[in-house]
Amino acid sequence: MTAVPPSCQILDGKALAQKMQGELKQEIAQLVAQGHRSPGLAVLMVGDNPASAVYVRNKEKACEKLGMVSFGKHFPVDTDQETLTAAIASLNEDERVDGILVQLPLPDHLDAVKLLHTIDPGKDVDGLHPVNLGHLVRGEDGLRSCTPAGVMALLAEYDLELTGKNAVVLGRSILVGKPLALMLLEKNCTVTIAHSRTQNLADITRQADILVAAIGKPEFVTADMVKPGAIVVDVGINRLELGEGKSKLVGDVDFAGVAPMASYLTPVPGGIGPMTVTLLLANTVASYRQRLGL
Ligand SMILES: Nc1nc(=O)c2c([nH]1)NC[C@@H]1CN(c3ccc(C(=O)N[C@@H](CCC(=O)O)C(=O)O)cc3)C=[N+]21
Ligand SMILES: [Mg+2]
């Protein structure tokens, strides 16, 4: 018997992001109409990595569109640790600031981990502080990392059943792979984390009912690695230079090759990227409510 390829449905992150941002905008307008201040987000960026600059600008634009105040801080590439530590300390004290995000990666001379640990956990909208990671491990409320939370929100929007399913997460970063594995576990998946040292990788990924690629390798996941009917989530954002100043954005999944195999698939762009920005805004509003007791 030949297997009939399942028809593939797109998990439209851009559409859900727009819907959620519209709801957040209304929520903020209501709070402001009741006489409360606007929520505030501070994004710290060091240096001028062009990709980071685009993301930071997108985050700031989204903030303003929703009626939030953005306290962007842009530092030169040679800024020292003490200057940044002092900047975070002052944002921790600033009553108008509900969320603090340090755009990663930081230049090599800086100790990013040490810096992240100085952020007030109540303002850690990236969910990277050990207190928030600890809450996640325990299954408690707390600020959760935006990209994995965005993946979970998108799966929930399409009512996809997770209980008892095999989930394979490719990548073990603290920003995506590890927290996402914990969130899938919380939804009763049987979770495997695979990474650059994993042996017989395709044998493992072919067991996945839910396969998430978060490794930063352009079009790494090919059709032969995917179980027929799998849900495939592409977290990768890779800019391929095409020459003549042209470039295109591709994920960690070979979209055209995998689409005939998957039942659901996220596109790049328009998939998890816009969800990440949206969950950052949602985390900032959650932190604001918590801080104001609303
Ligand atoms: N502390 C920290 N937290 C982060 O969450 C964080 C970070 N550092 N450093 C860099 C990565 C990357 N990232 C993206 C966010 C949105 C899009 C996004 O909106 N992408 C659009 C397309 C954007 C484009 O056209 O370039 C899309 O996929 O449709 C992409 C990537 C957050 N990151
Ligand atoms: Mg890795």
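This is a predicted model, so every value here is computed, not measured. (Residues numbered from 1 in each chain as written. Chains lettered and ligands numbered in written order. Predicted model: local features only at pLDDT ≥ 70, side-chain atom pairs only at ≥ 80, totals over all residues.)

**Here we look at the site of ligand 1**
Our working rule: Near, as applied to residues and a molecule or strand, means the residue's backbone-placed C-beta atom lies within 6 Å of it. In this text, helices come from DSSP runs of H or I with a minimum length of four residues, and strands from runs of E with a minimum of two, each type numbered from the N-terminal end. Ten residues, namely Ala, Val, Leu, Ile, Met, Phe, Trp, Tyr, Cys and Pro, are considered nonpolar, four, namely Asp, Glu, Lys and Arg, are considered charged, and the remaining ones, Gly among them, are considered polar. Where each domain begins and ends follows an automated or database-derived domain assignment.
Taken together, 19 residues lie near ligand 1, and Leu104, Ile237, Pro269, Gly273 and Thr276 sit nearest. When residues of the shell around ligand 1 are assigned to their parent elements, the largest contribution, four residues, is made by helix H10 (residues 272-292). Of the residues that constitute the shell around ligand 1, the class distribution is 12 nonpolar, six polar and one charged. Counting the residues that make up the shell around ligand 1, at least three belong to each of domain 1 (37-120) and domain 2 (146-273).

**Quick look at the environment of Ile231**
Threshold: Each residue is represented by a C-beta atom placed from its backbone, and any two residues with such atoms within 7 Å are regarded as in contact.
Within the secondary structure, Ile231 sits in strand E9 (residues 231-234). Residues Ile231 and Cys8, 223 residues apart in the sequence, show an inter-C-alpha distance of 9.1 Å. When near neighbours in sequence (up to four residues on either side) are disregarded, Ile231 contacts Leu160, Asp209, Ile210, Ala262, Ser263 and Tyr264.

**What about the UniProt feature "binding site: NADP(+)" (unreviewed entry) in the protein chain?**
Note the cut-off: UniProt positions are given in the numbering used here, feature names are shortened, and annotations may be inferred rather than shown by experiment. With C-beta atoms placed from the backbone, a residue is labelled by how many other C-beta atoms lie within 10 Å of its own: buried for 20 or more, exposed for 12 or fewer, partly exposed between the two.
In this numbering, the UniProt entry assigns the feature "binding site: NADP(+)" (unreviewed entry) to Gly171, Arg172, Ser173 and Ile237. The topology assignment puts Ser173 in the loop between strand E6 (166-170) and helix H7 (177-186). We classify Ser173 as partly exposed; it has 17 C-beta atoms within 10 Å. Residues contacting Ser173, with those up to four places away along its chain left out, are Lys178 and Ala214. Here Ile237 is to be found in the loop between E9 and strand E10 (238-243). In this structure, Ile237 is in contact with Leu249, Gly251, Val268 and Gly273, ignoring residues within four places of it in sequence.

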